[in-house]
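Each chain is listed here by its residues.
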Amino acid sequence: MGTTSVVARMTIACAVAVSVIGIATPAVAAESPKPRKSACTADPADYACLRTDSRKEIAGEPVTFRGSLSKQAQKNLAQWTDGENTICLTRYKTRPEEDGSWPRQTLDEACTTLNTDGTFGLVAYLGRQGKFFYGVEMGPCRGDAGLCGNGDGGLLSNFNNKKNRAVAVKTITP
């Protein structure tokens, strides 16, 4: 096998991984997102949406999140999870780190399966006190090694949102 064909295969594999995810996640947002009850991705528009009924809740009490995925996001999710179609809630601080990054924490106990109509609902018990932004990501990657190793499972995060919004919930002491 020649070097050209190896490079071509790697280029195609990377292009497929990027196209499967469907969105690019920038390292730094220009300004902090605005805390809201709902948010959708800006580009591509409405790729994924998330909303909550409660912006303030007692720590440890259930918080309901609902959302929807576009047809393209559903297709990407099915490929990423090999048809399992699991999505999980993610949590972000409301300010970036000093280096400009927005690390996320996947809340493994707050995962659900996507409904056939592209909607989902999940209940999370947010025991950590404070104000945080929330998003969703694709569940555990069950796709091929190229996809899982080169892709980002994020669906909706705290940046690249329509109108610079992020879903925010503040948990307080009882």
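As shown above, the structure is provided for reference.
For the structure given in this document, a descriptive report is provided here. (Residues numbered from 1 in each chain as written. Predicted model: local features only at pLDDT ≥ 70, side-chain atom pairs only at ≥ 80, totals over all residues. Heavy atoms only, no water.)

1. Points about the pattern of salt bridges
So, point 1. All told, the structure shown has six salt bridges when counted by the stated rule.
So, point 2. Two residues, D46 and K162, come together in a salt bridge whose shortest N-O distance is 2.7 Å. With D46 in the loop between β2 (38–40) and β3 (48–52) and K162 in the loop between β10 (154–156) and β11 (165–172), the pair connects residues that are 116 residues apart, well separated along the chain.
So, point 3. For D46, a relative accessible area of 35% translates into the label partly exposed. (Salt bridge = Lys/Arg side-chain N within 4 Å of Asp/Glu carboxyl O. Helix = DSSP H or I, 4+ residues; strand = E, 2+ residues; numbered from the N terminus. Buried < 20%, exposed > 50% of the residue type's maximum accessible area, 1.4 Å probe, protein only.)

2. Overview of the sheet that holds β2
So, point 1. In space, the four strands of this open sheet follow the order β2-β3-β5-β8, with antiparallel pairing throughout. Of all the strands in the sheet, just β2 and β8 (119–125) have a single pairing partner and so form its edges. Strand-to-strand, the axes of this sheet are offset by a mean angle of 15°, without reference to chain direction.
So, point 2. Across three bridges, the pairing between β2 and β3 is antiparallel. (Pairing = 2+ DSSP bridges. Axes fitted to C-alpha atoms, helices over the stretch in contact; angles between N-to-C directions.)

3. Section: the environment of L114
So, point 1. Along the chain, L114 falls in the loop between β7 (105–113) and β8.
So, point 2. Measuring from C-alpha to C-alpha, the distance between L114 and S68 comes to 8.5 Å, with 46 residues separating the pair along the chain.
So, point 3. With sequence-adjacent residues up to four places away left out, L114 is seen in contact with L69, Q74, L77, N85, T119 and F120. (Contact = heavy atoms within 4.5 Å.)

4. Considerations on empty space enclosed by the protein
So, point 1. Per the stated rule, a full pass over the model turns up two cavities of 30 Å³ or more.
So, point 2. Roughly 30 Å³ of internal volume is contained in the second largest cavity.
So, point 3. By residue class, the composition of the lining of the second largest cavity is three nonpolar, no polar and three charged. (1 Å grid on protein atoms, 1.4 Å probe; cavity = no way out; pocket = protein on both sides within 12 Å on 5 of 7 lines; lining within 4 Å. Points joined across faces, edges and corners; volume = space filled by probe spheres on them. Nonpolar A, V, L, I, M, F, W, Y, C, P; charged D, E, K, R; others polar.)

5. Concerning the nonpolar core
Soluble globular proteins tend to pack their nonpolar side chains together in the buried interior.
So, point 1. Grouped together as the largest cluster of nonpolar side chains are 28 residues, with contacts concentrated most on L50, F65, L69, L89, L126, Y134 and L155.
So, point 2. The element contributing the most residues to this core is strand β9 (residues 130–138), with four residues.
So, point 3. Aside from chain neighbours lying at most four places away, what touches L126 is A59, G60, E61, V63, F65, L107, Y134, V169 and T171.
So, point 4. Core analysis: the next-biggest nonpolar cluster, separate from the first, contains six residues, Y92, W102, F133 and F159 among them. (Core = buried A, V, L, I, M, F, W, Y, C linked by side-chain atoms within 4.5 Å.)

6. Overview of a positive patch on the surface
So, point 1. Positive charge collects at one region of the surface, where K34, R36, K37, R55, K56, R95, K131 and K170 lie side by side.
So, point 2. Relative to the elements of secondary structure, K37 occurs in the loop between β1 (34–36) and β2. (Patch = residues over 30% accessible without salt bridge, like charges linked within 9 Å, V, L, I, M, F, W, Y side chains within 5 Å. Areas by Shrake-Rupley, 256 points an atom, 1.4 Å probe, with all protein chains shown as cover. Lys, Arg positive; Asp, Glu negative; His and termini not counted. Charge placed at Lys NZ, Arg CZ, Asp CG, Glu CD.)

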